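Each chain is listed here by its residues.
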Amino acid sequence: MSGAPDGGWRAALPLAAWRGATTLGAALLPLWLTHRARLGKEDPARLGERRGAGADRPAGPLLWLHGASVGESQSALPLLEALAELRPDLHFLLTTGTLTAARLLEDRLPASLRPRVRHRFVPLDVPAHAARFLDGWRPDAAVLIESEIWPNLILAARARGVPLALVNARVSAGSARGWGRLPAVARRLFGAFGLVIAQTEEDAARLRALGAEGAQSWGNLKFAARPLPAPRAALRALREAIGGRPVLLAASTHPGEEAQVAAARAQLQERLPGLLTILAPRHPERGPALARELEEAAPGAVARRAAGDLPGPGTAFYVADTIGELGLLYRVAGVALIGGSLVPHGGQNPLEAARLGCPVLLGPHTDNFATIAARMVEEGAAERVADSGALAEAAAAVLTEPDRARSMTSAAARIAADAGALPERMAAAIEALLPEPAPAWDGIRAATATG
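Every value quoted in this text rests on a predicted model; they were computed, and no experiment measured them.

Draft legend 1. Looking closely at the sheet that holds strand 8 (residues 247–253). Read from one edge to the other, the open sheet built from seven strands follows the order 10-11-9-8-12-13-14, with strand pairing classed as parallel. Of all strands in the sheet, those with a lone pairing partner are strand 10 (302–304) and strand 14 (382–384), marking the two edges. Neighbour-to-neighbour, the strand axes of the sheet open up by a mean angle of 20°, direction not taken into account. Relative to strand 14, strand 13 (residues 360–362) is paired through three bridges, and the arrangement is parallel. Note that in strand 14 the partner of L362 across the bridge is R384. Along the sheet, helix 15 (residues 370–378) makes contact with strand 13 and strand 14, crossing strand 14 at roughly 100°.

Draft legend 2. View of helix 10 (residues 232–242). L235, L238 and I242 are the residues of helix 10 that are buried. Summarising the axial view, the buried residues of helix 10 lie within an arc of 70°, below the 170-degree limit, and thus occupy one face. Exposed and facing more than 90 degrees away from the buried side of helix 10 are R232 and E240. Contacts from the buried residues of helix 10 go to strand 8, strand 9 (276–281), strand 11 (317–319) and helix 13 (326–332). Of the residues trailing helix 10, G243 is marked for its positive phi of about 65°.

Draft legend 3. Here's a closer look at the nonpolar core. In this structure, L249, I278, L329, Y330, L351, V360 and M376 are the most contacted members of the largest nonpolar core, which totals 39 residues. For this core, the element with the highest residue contribution is helix 13, accounting for five residues. In contact with L249, other than residues within four places in its own chain, are I278, L329, Y330, A333, V335, A336 and L337. Of all hydrophobic cores here, the second largest spans 38 residues; its members include L166, F193, A204 and A215.

Draft legend 4. Structural detail: the layout of surface pockets. If you add up the space inside the largest pocket, you get close to 1,500 Å³. Surrounding the largest pocket, 50 residues form its lining, S69, V70, G71, T100 and R282 being those nearest its centre. At the level of secondary structure, the elements contributing two or more residues to the lining of the largest pocket comprise helix 3 (70–86), helix 4 (99–108), strand 9 and helix 13. Sorting elements by how many residues they give to the lining of the largest pocket places helix 3 first, with six residues. In terms of residue class, the lining of the largest pocket is built from 17 nonpolar, 19 polar and 14 charged. By volume, the second largest pocket is sized at about 790 Å³. If you go around the second largest pocket, you meet 34 residues; those closest to its centre are R170, Q199, T200, D203 and N368. For the lining of the second largest pocket, the secondary structure elements donating two or more residues are helix 7 (173–180), helix 9 (201–210), helix 15, helix 17 (402–418) and helix 18 (422–431). For the lining of the second largest pocket, the per-class residue count stands at 16 nonpolar, nine polar and nine charged.

Draft legend 5. Representation of unusual backbone geometry within the structure. In the Ramachandran plot, R138 falls in the positive-phi region, its phi being about 50° despite a non-glycine side chain. According to the relative accessible area criterion, R138 is partly exposed, its value standing at 49%. With a phi angle near 55°, S252 is a residue other than glycine that sits in the positive phi range. Summarising the element assignment, S252 is placed in strand 8.

Draft legend 6. Fine view of the sheet that holds strand 3 (residues 117–121). An order of 3-2-1-4-5-6-7 is seen for the seven strands of this open sheet, with the pairing classed as parallel. Of all strands in the sheet, those with a lone pairing partner are strand 3 and strand 7 (216–217), marking the two edges. Inspection of the sheet shows strand 5 (residues 164–169) paired to strand 6 (residues 195–198) by four bridges, in the parallel sense. The residue of strand 6 that forms the bridge with V167 is I197.

Draft legend 7. Fine view of the packing of helix 11 (residues 257–268) against helix 16 (residues 388–400). For the pair helix 11 and helix 16, interaxial distance at closest approach is 8 Å and the crossing angle is 55°. As far as their axial angle goes, helix 16 and helix 11 are oblique. You can see that helix 11 and helix 16 cross each other, and the crossing is right-handed. Together, Q260, V261, A263, A264, Q267 and L268 of helix 11 and S388, G389, L391, A392, A395 and A396 of helix 16 make up the contact between the two elements. A breakdown of the residues in the contact of helix 11 with helix 16 according to their chemical character gives eight nonpolar, four polar and no charged.

Draft legend 8. Spotlight on the packing of helix 5 (residues 127–137) against helix 6 (residues 151–159). For the pair helix 5 and helix 6, the least separation of the axes is 9 Å and the interaxial angle reads 45°. Relative to helix 6, the element helix 5 is oriented oblique. In this structure, helix 5 meets helix 6 at a crossing whose hand is right-handed. Mapping the contact onto sequence places P127, A130, F133 and L134 in helix 5 and N152, L153, A156 and A157 in helix 6. When its residues are assigned to classes, the contact of helix 5 with helix 6 shows seven nonpolar, one polar and no charged.

Draft legend 9. Spatial organisation of the packing of aromatic side chains. Counted under the stated rule, the structure contains two aromatic pairs. Arranged with centres 4.9 Å apart and planes meeting at 65°, the rings of W64 and F133 form a pair that is edge-to-face. Residue W64 is found in strand 1 (residues 62–66), and its partner F133 is found in helix 5; the two are separated by 69 residues along the sequence. On the accessibility criterion, F133 (2% relative accessible area) is buried. Seen from their ring centres, W179 and F190 are 5.3 Å apart, and the 85° between their planes marks the pair as edge-to-face. Here the residue W179 occupies a position in helix 7, and F190 occupies one in helix 8 (residues 183–190), the gap between them amounting to eleven residues.

How each quantity is defined
- Residues numbered from 1 in each chain as written.
- Predicted model: local features only at pLDDT ≥ 70, side-chain atom pairs only at ≥ 80, totals over all residues.
- Heavy atoms only, no water.
- Pairing = 2+ DSSP bridges.
- Helix = DSSP H or I, 4+ residues; strand = E, 2+ residues; numbered from the N terminus.
- Axes fitted to C-alpha atoms, helices over the stretch in contact; angles between N-to-C directions.
- Contact = heavy atoms within 4.5 Å.
- Buried < 20%, exposed > 50% of the residue type's maximum accessible area, 1.4 Å probe, protein only.
- Arc of directions from axis to C-beta.
- Core = buried A, V, L, I, M, F, W, Y, C linked by side-chain atoms within 4.5 Å.
- 1 Å grid on protein atoms, 1.4 Å probe; cavity = no way out; pocket = protein on both sides within 12 Å on 5 of 7 lines; lining within 4 Å.
- Points joined across faces, edges and corners; volume = space filled by probe spheres on them.
- Nonpolar A, V, L, I, M, F, W, Y, C, P; charged D, E, K, R; others polar.
- Parallel < 35°, antiparallel > 145°, perpendicular 65-115°, else oblique.
- Left-handed = near helix turned anticlockwise from the far one by under 90°.
- Phe/Tyr/Trp six-rings, centres within 6.5 Å; stacked < 30°, edge-to-face > 60°.

Right under this line is the structure:
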């Protein structure tokens, strides 16, 4: 644990107020959870997990890892594999905060690890819920991914002597200013982590200023992820439906971007008459409304994947309003615009496309992946586009110049490979927080190392 001062009453009073407020508000949370379940945002059969119930602790050492949403939980997978290889005796509790993240974990968790992993939804930050969760699972250490700072849960774990790590951590300048208004509280919470590994040196500096004295920067786990999967049958069917048509993909788009993509396609019609434009909205529930908007621009030429459609010869726009299929879409695209970057959202992960050999285009807003985006542009692995006109020009160039596309994907592959060793390095640091393995496992580890 860090030796940072706990802030005395300046931390105790706000934290006591938070404990009181969450305890009082707990009476209303079942209604809120039931409402979310009706909206499809919670699993009705597993609402008890949000109150800390449902513990099923396996025997032996147990590591708890938490990733709130899709990106965080998916970045945990290579770390999980590295830890599993390092410690054959270790079991894992994975918690997520969203239903989508849980479903993707179920799909993408390697079969070899399934017997050693249990998934639960993270409990809400209520003192009684946190206590029920921690007393039921009794983790030997806990790893929080990115920026999930829940006071009751963190302090309850620390009070029980659970070593805490915050990895792949990021804190924006705005968030740091917010925490800075309660410096004693920040020191109490961020000082509770015995291991803090940030994505960038800027993040590490902010974390040190907030109380995580030993924060270091090793890189971003999201850049070490495995290639996104694609079912063979679905990939074959989609490729057959597309045939030899050129494909422009706009991946993980946000409102305001689809109109710019449609405008770019209009500019490309004469130069690339067979062009198929695939739009994969970041939030798939927007699919029906998006399809209706596109119908105005291209009547009768819009198909929706969630409706069971495949693109036909006359399809101009294919709305891929499904979950977990970007690996499929990147494999069929000739070039991809990474969403969230043409509008001020901060951008999505550009290496997911690059890792699958799909040339990358980026808008001006890539704050979420600033370091890697800048490097990709500098080394020729991606191109910047400012608006629909620039998007049309860049897409046409990549789709009609094979050498240019190959140069971009080769440069991107080199960048993606650089992050390959990060999960193993991070796993070794996390292992130091765990109890020593039982003697029976030492022989297995030695045999694994020499075999």
